[in-house]
Amino acid sequence: MNKTISILGATGSIGRQTLDVVEKLDLKVEALTANSDVKRIEEQARKFRPRMVAMANEAAAQDLAARLADTNIRVSGGAAALTEAATMGGTVVTAVVGMVGLKPTLAAIRAGKRIALANKETLVCAGELVMETARKYGAEIIPVDSEHSAIFQCLRGIRDMEEVRRLILTCSGGPFYGKTWEELAPMTSADALKHPNWRMGPKITVDCATLMNKGLEVIEAMRLYRLPLEKVHVVIHRQSIVHSLVEFRDGAVLAQLGAPDMRLPIQYALTYPHRVESPADTLDLLTCPPLTFAEPDRTTFPCLRLAEEAVKTGGTACAILNAANEEAVKLYLRDKIGFYDIPRLVSRALETVPVVQNPTLQDILDADAAARRQVF
Ligand code: NDP
Ligand code: MG
């Protein structure tokens, strides 16, 4: 296990849970990053004593530098600082939200780090490029997302991916499961933020309510495991106890189960191939609710279908989908648009922004910018 670590997005939901794990594993923190939450990152920096702290927001970096003036911790600001932090430590946890994680993730890959990857938007926008770069530089990418960690665990020891008939991603269904279009149309971000099983950052929580999160995860799984869309299925599983499953060609199905606690997949990404004691809750089969499974409703929740269509189109379509969704979710969180405006705006961006096949990094960045301009 690498004894040193950098955490990009340390102040967020995944970042804070990572620090919980880091404390138990007694790892040395080399760098922490955030955007603007100066108060929280100051507390984290005083406790974990990294060599460097990077703030994406320059004004926040100046504020933090003044607050940490009595320490020997270096404080930097801006995108370059984030990228520098991504090249420190043996393992880099990518827990920033959104496509801003792409360049730092690529920097960590080029530096040959182990990447504990939570930032799924990076794999959605540029998954083929990211995975190809990782192969070239021999960087390990270990998923943190609970479904992809479950699959990673079920695939341990497999030699030939041809033996996999399909992956089955489980989906909690989010706070709006079972509701009709008419009931959902007036739902505000306050309603969407009440997730039944997980406490997460606001963007992913809204993505769970629209099922866009599962759409992003289908693409994430295809990139991580180099599988076509036909081999990645989604089932609704309200209890979030079966984290995902792999069906093999002989009909055997392996699953990973556990209490819904992100500290388990976070820790596994840090300790793999080893397993050690964890602060995560343990599963009690005798008291847990009955496990149920159902088909997702792609008509009432069109974002899942939009994501599946984007990945079929290929090229920059997934970057367009992701960027439009990021912007639409920002508007929804500020109560500027309604629930069904999210798929409407994503769909419009997919129809209007031209798709480039076999994209370069620059093509992806351009598609991302063009899609964001379509969302208003
Ligand atoms: P949060 O919103 O809780 O945290 C986001 C982190 O990213 C914060 O540290 C934030 O800093 C930082 N950040 C935000 N904007 C920027 C920016 N422009 N530049 C640099 N840093 C920025 O998100 P989550 O922890 O919930 O999610 C992080 C990632 O992990 C997402 O990609 C999500 O999809 C994925 N994920 C999350 C899960 C969860 O349980 N939360 C589960 C599976 C995947 P600041 O605090 O200063 O704003
Ligand atoms: Mg997930």
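What you see is a predicted model; the values in this text were computed from it and never measured. Counting of residues starts from 1 at the beginning of each chain's written sequence and follows it residue by residue. The naming scheme follows written order: chains are lettered A onward, ligands numbered 1 onward. The predicted nature of this model means local features are confined to residues of pLDDT at least 70 and side-chain atom pairs, given and counted, to a pLDDT of 80 or more, with totals for whole chains, interfaces and linings taken over all residues. To obtain the side-chain values, all non-hydrogen atoms of the structure were used and water was disregarded.

### Side note on the overall build of the protein
For the record, the criterion: Segments assigned H or I by DSSP are reported as helices when at least four residues long, segments assigned E as strands when at least two residues long, and all are numbered from the N terminus. Partly exposed describes any residue whose relative accessible area lies between the buried limit of under 20% and the exposed limit of over 50%, with all areas from a 1.4 Å probe on protein chains only and scaled to the type maximum. Residue burial considers only the protein chains on display, and all accessible areas are found by Shrake-Rupley using a 1.4 Å probe. In this tally, Asp and Glu contribute negative charge and Lys and Arg positive charge; neither His nor the terminal groups of the chain are included. For this purpose, a charge sits on NZ of Lys, CZ of Arg, CG of Asp or CD of Glu.
The secondary structure content of the protein amounts to 16 helices and 11 strands. Each principal axis of the C-alpha atoms in the protein carries an extent, and together these give about 55 × 45 × 40 Å. Put simply, the protein has 376 residues, and 57% of those count as buried. Accessible area for the protein stands at about 15,900 Å²; split by element, carbon and sulfur atoms hold 51% of it. With 45 positive and 45 negative side-chain charges, the protein shows a separation of 3 Å between the mean positions of the two kinds.

### Considerations on the site of ligand 1
Selection rule: Only a single heavy atom is needed: when it lies within 4 Å of a molecule or strand, its residue is near that molecule or strand. Whenever a nitrogen or oxygen atom comes within 3.5 Å of another N or O atom, the pair is scored as a polar contact, on the condition that within protein one atom can donate a hydrogen and the other can accept it, and that pairs from neighbouring residues in sequence are kept only if both atoms are in side chains.
Taken together, 26 residues form the shell around ligand 1, and within it Thr11, Ser36, Asp37, Glu121 and Gly201 come nearest. Backbone polar atom of Ser13 to an oxygen atom of ligand 1: 2.9 Å apart, as the coordinates give it. A distance of 2.7 Å is found between an oxygen atom of ligand 1 and a backbone nitrogen or oxygen belonging to Ser36. For ligand 1, the protein covers 86% of the area, taking 900 Å² as the surface of the free molecule. For the shell around ligand 1, the elements supplying multiple residues, two or more each, are helix H1 (13–25), helix H6 (120–137) and helix H10 (202–210).

### Observations regarding the pattern of salt bridges
Applied cut-off: By definition, a salt bridge exists where a carboxyl oxygen of Asp or Glu is found within 4 Å of a side-chain nitrogen of Lys or Arg.
Tallying each qualifying case throughout the model produces 30 salt bridges. Between Arg166 and Glu247 there is a salt bridge, and its shortest N-O distance comes to 3.0 Å. In this pair, Arg166 is assigned in strand S8 (residues 164–171) and Glu247 in strand S10 (residues 242–248), connecting sequence segments 81 residues apart. Overall, Glu247 belongs to the buried group, its relative accessible area being 10%.

### A few points about the coordination of the magnesium ion (ligand 2)
This is how it is decided: Coordination here is defined by N, O and S atoms within 2.8 Å of the metal (3.2 Å for Na, K and Ca), and since water is not considered, a site can look incomplete.
Asp145 (OD), Glu147 (OE) and Glu217 (OE) make up the full set of protein donors to the magnesium ion (ligand 2), lying at 2.1 to 2.2 Å. If you list the donors of the magnesium ion (ligand 2) from N- to C-terminus, the spacing comes out as D-x1-E-x69-E. The buried category is assigned to Glu147, whose relative accessible area is 9%.

### Observations regarding the nonpolar core
Quick note on the threshold: By nonpolar core we mean a set of buried residues, namely Ala, Val, Leu, Ile, Met, Phe, Trp, Tyr and Cys, connected to one another through side-chain atoms within 4.5 Å. By definition in these notes, contact holds between two residues if any of their heavy atoms fall within 4.5 Å.
Membership of the largest hydrophobic core comes to 122 residues, with the highest contact counts inside it found for Met55, Ile141, Leu167 and Leu321. For this core, the leading source of residues is helix H14 (residues 317–333), giving 11 residues. When neighbours within four sequence positions are excluded, Leu321 is seen to be in contact with Met212, Leu216, Ile219, Leu306, Ala307, Ala310, Val346 and Leu350.

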